[in-house]
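# Coordinate inspection notes
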Amino acid sequence: MTPTPRRPRRALFAAVAAAALGVLGLGATPAAAQEWRGWNIHAADYPNGIGMDAFTRLVAERTNNRIRMRTFHSAQLGQQDEAIQQMRLGTIDFANFNLSPFNNLAPSTNVVTLPFLFRNVAHMQAAIDGPAGEAIARDLEGIGIIALSWYDAGARSIYTTRPVRTPADLRGMKIRVQTSDLWIDLMRALGANPTPLPFGEVFTSLQSGVIDGAENNWPSYESTRHFEVARFYSTTEHSNVPEVLAVSRQRWQRLNEADRAILRDAARESAAIQRRSWAERETVSRQRVVAAGVTVIEIADRTPWSALMEPVYAKYAADARLAALVRQIRAMP
Ligand code: BDP
């Protein structure tokens, strides 16, 4: 049967209009037409991409494809700060973010960014799966972002173009940080010259000498190839800030309770997958950079570093609510 020419055109117009309204967050897109756009800063084969792909697969299976999600890996939808704005506006539907870029927007994220707060990964996980996660989820909801689960991001350490063994070696060096006041103050307290830059600009900035170093975990140091230009990795392990898998509140508000439960479960399962993959990738990444000739400077005693962090705690954990959260985290077994 040949359709009349009018019908498809009208259907096409309706679909385009529905999509446009959906993008603008103005109208309810029919459930059958849901196609969610996801943001990921990392490549698809990074543990976070593996976690996100598990999330979207589980949601598609459990909703019989009513909710189809597509993750745009490798920052195809923009850099981190733009992506956060787009999530808040509802033009990006879901994403995985490190919690540091929320420091200036959601106060409790400062707590889990604080230097030398967590004793180890298990301590960090207990905090983020417990009281810290609850506080952060509330703050994020207030800015239009619904936290569903928490991903690991290991310990962050400083890497540079010249060897750094003590805070004195860092003096005056330009070190890239994420866009966050806490990070700027933290680097300043260590004696460095903090330089906020988007993640995607770090490689060329190291190459051209705009910065002398940056700080990150093993997998990011390796996957971005920063190790090719910053050849010294000092294991300062100064922060264990975790990550969130989140959905835009605009989308969330249009879901019924049953679908919300499906998303929450899928997100939790994806976090378990991400965390397993993370633990493996940390080892592999370290081995890869060492094989590529990077000098690893083991910081055996971190006291000279943590001793300088007093002003950061005084400023970012001073507020009664946040100070109580810090105490609660420290008291965790
Ligand atoms: C990585 C995080 C990523 C951040 C990046 C950074 O996974 O979300 O954007 O660090 O330093 O470890 O910007």
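Just so we're clear, the structure is a prediction, and the values are computed from it rather than from any experiment. (Residues numbered from 1 in each chain as written. Predicted model: local features only at pLDDT ≥ 70, side-chain atom pairs only at ≥ 80, totals over all residues. Heavy atoms only, no water.)

## Quick notes on the domain arrangement of the chain
- Along its sequence, the chain is carved into domain 1 (34–154 + 241–284) and domain 2 (156–240 + 286–331).
- Put simply, the middle of domain 1 and the middle of domain 2, counted by C-alpha atoms, are 23 Å apart.
- In this complex, domain 1 contributes 39 residues to the contact, which on the side of domain 2 involves 40 residues.
- Regarding the contact of domain 1 and domain 2, the summed buried area is about 3400 Å², with carbon and sulfur atoms giving 58% of it.
- When residues of domain 1 are sorted by the area they lose upon contact with domain 2, Pro 115, Phe 116 and Val 284 head the list and together hold 20% of the total.
- At the junction of domain 1 and domain 2, the tally comes to 2 salt bridges.
- The shortest N-O distance in the salt bridge between Arg 321 and Asp 139 comes to 3.0 Å.
- Seen at the junction of domain 1 and domain 2, the total is 22 residue pairs in polar contact (both at pLDDT 80 or more).
- Where the side of domain 1 that touches domain 2 is concerned, the elements lending two or more residues are α3 (80–89), α4 (109–113), α5 (121–128), α6 (131–142) and α12 (257–291). (Domains from an automatic or database assignment. Contact = heavy atoms within 4.5 Å. Buried area = accessible area lost by both parts, 1.4 Å probe. Salt bridge = Lys/Arg side-chain N within 4 Å of Asp/Glu carboxyl O. Polar contact = N/O pair within 3.5 Å; in protein donor to acceptor, adjacent residues only side chain to side chain. Helix = DSSP H or I, 4+ residues; strand = E, 2+ residues; numbered from the N terminus.)

## Digging into the packing of aromatic side chains
- According to the stated counting rule, one finds 10 aromatic pairs in the structure shown.
- Measuring from ring centre to ring centre gives 6.0 Å for Tyr 46 and Trp 278, while their planes differ by 70 degrees; the resulting arrangement is edge-to-face. Linking Tyr 46 in the loop between β1 (35–39) and α2 (47–62) with Trp 278 in helix α12, this pair joins segments that are 232 residues apart in sequence. No difference in accessibility class separates Tyr 46 from Trp 278, as the two residues are buried.
- Note on Tyr 221 and Tyr 233: the rings are 4.8 Å apart at their centroids and 40 degrees apart in plane angle, and the pair reads as tilted. Pair noted here: Tyr 221 is in helix α10 (residues 218–223) and Tyr 233 is in strand β9 (residues 232–239), with a separation of 12 residues, a long-range link.
- Residue classification places Tyr 221 among the buried residues on the basis of a relative accessible area of 0%.
- Taken together, the ring pairs connect Tyr 159, Trp 218, Tyr 221, Phe 227 and Tyr 233 into an aromatic cluster.
- Positioned above the aromatic ring of Phe 72 is the side chain of Arg 37, whose terminal nitrogen or guanidinium carbon lies 5.9 Å from the ring centre. (Phe/Tyr/Trp six-rings, centres within 6.5 Å; stacked < 30°, edge-to-face > 60°. Buried < 20%, exposed > 50% of the residue type's maximum accessible area, 1.4 Å probe, protein only. Lys NZ or Arg CZ within 6 Å of the ring centre and 35° of its normal.)

## So, the nonpolar core
- In terms of nonpolar packing, the biggest core is built from 61 residues, with Phe 97, Leu 99, Phe 102, Leu 114, Leu 140, Leu 170 and Val 244 touching the most fellow members.
- Per-element accounting of this core gives the leading share, 5 residues, to helix α8 (residues 181–189).
- Residue-level mapping places this core at the junction of two domains, with at least three residues from each of domain 1 (34–154 + 241–284) and domain 2 (156–240 + 286–331).
- For Leu 140, the residues in contact, after removing those within four places along its chain, are Leu 99, Phe 102, Ala 106, Ile 145, Ala 147 and Val 244. (Core = buried A, V, L, I, M, F, W, Y, C linked by side-chain atoms within 4.5 Å.)

## Side note on α12
- An ideal rise of 1.5 Å per residue puts 51 Å on 35 residues; α12 measures up with 50 Å between its terminal C-alpha atoms.
- For α12, the N-terminal capping position is held by Asn 256, with its side-chain oxygen 3.2 Å away from the main-chain nitrogen of Ala 258.
- Immediately downstream of α12, the backbone of Gly 293 shows phi near 90 degrees, a positive value. (Expected span 1.5 Å × (residues − 1).)

## Brief notes about the pattern of salt bridges
- Counting across every chain of the model gives 18 salt bridges.
- As a salt-bridge pair, Arg 288 and Glu 222 come within 3.1 Å of each other at their nearest N and O atoms. In this pair, Arg 288 is assigned in helix α12 and Glu 222 in helix α10, connecting sequence segments 66 residues apart.
- Between Glu 228 and Arg 225 there is a salt bridge; the shortest N-O distance is 2.6 Å.
- The exposure class assigned to Glu 228 is partly exposed, which follows from its relative accessible area of 38%.
- Given the relative accessible area of 43%, Arg 225 is considered partly exposed.
- What emerges from the salt-bridge pattern is a single network uniting Asp 129, Asp 152 and Arg 275.

## Focus: α2
- If you check α2, its first and last C-alpha atoms are 23 Å apart, about what 16 residues at 1.5 Å a residue would give, namely 22 Å.
- Burial in α2 covers these residues: Pro 47, Asn 48, Gly 49, Gly 51, Met 52, Ala 54, Phe 55, Thr 56, Leu 58, Val 59 and Ala 60.
- Looking at the buried side of α2, the elements it contacts are β1, β2 (68–72), β3 (94–98), β4 (145–151), β10 (243–248) and α12.

## Observations concerning the site of the ligand
- Neighbouring the ligand are Ile 41, His 42, Gln 80, Asn 98, Arg 156, Arg 176, Gln 178, Phe 199, Asn 216, Asn 217, Ser 220 and Glu 243.
- The contact in question runs from an oxygen atom of the ligand to an N or O atom on the side chain of Arg 156, over 2.8 Å.
- Arg 176 places a side-chain nitrogen or oxygen 2.7 Å from an oxygen atom of the ligand.
- In the complex, 99% of the free accessible area of the ligand, which totals 320 Å², lies under the protein chains.
- Its atoms largely coinciding with the cavity grid, the ligand occupies the largest cavity.
- A breakdown of the residues in the shell around the ligand according to their chemical character gives 2 nonpolar, 7 polar and 3 charged.
- Two domains each put at least three residues into the shell around the ligand: domain 1 (34–154 + 241–284) and domain 2 (156–240 + 286–331). (Near = heavy atom within 4 Å. Areas by Shrake-Rupley, 256 points an atom, 1.4 Å probe, with all protein chains shown as cover. 1 Å grid on protein atoms, 1.4 Å probe; cavity = no way out; pocket = protein on both sides within 12 Å on 5 of 7 lines; lining within 4 Å. Sits in = over half its atoms within 2 Å of the grid points. Nonpolar A, V, L, I, M, F, W, Y, C, P; charged D, E, K, R; others polar.)

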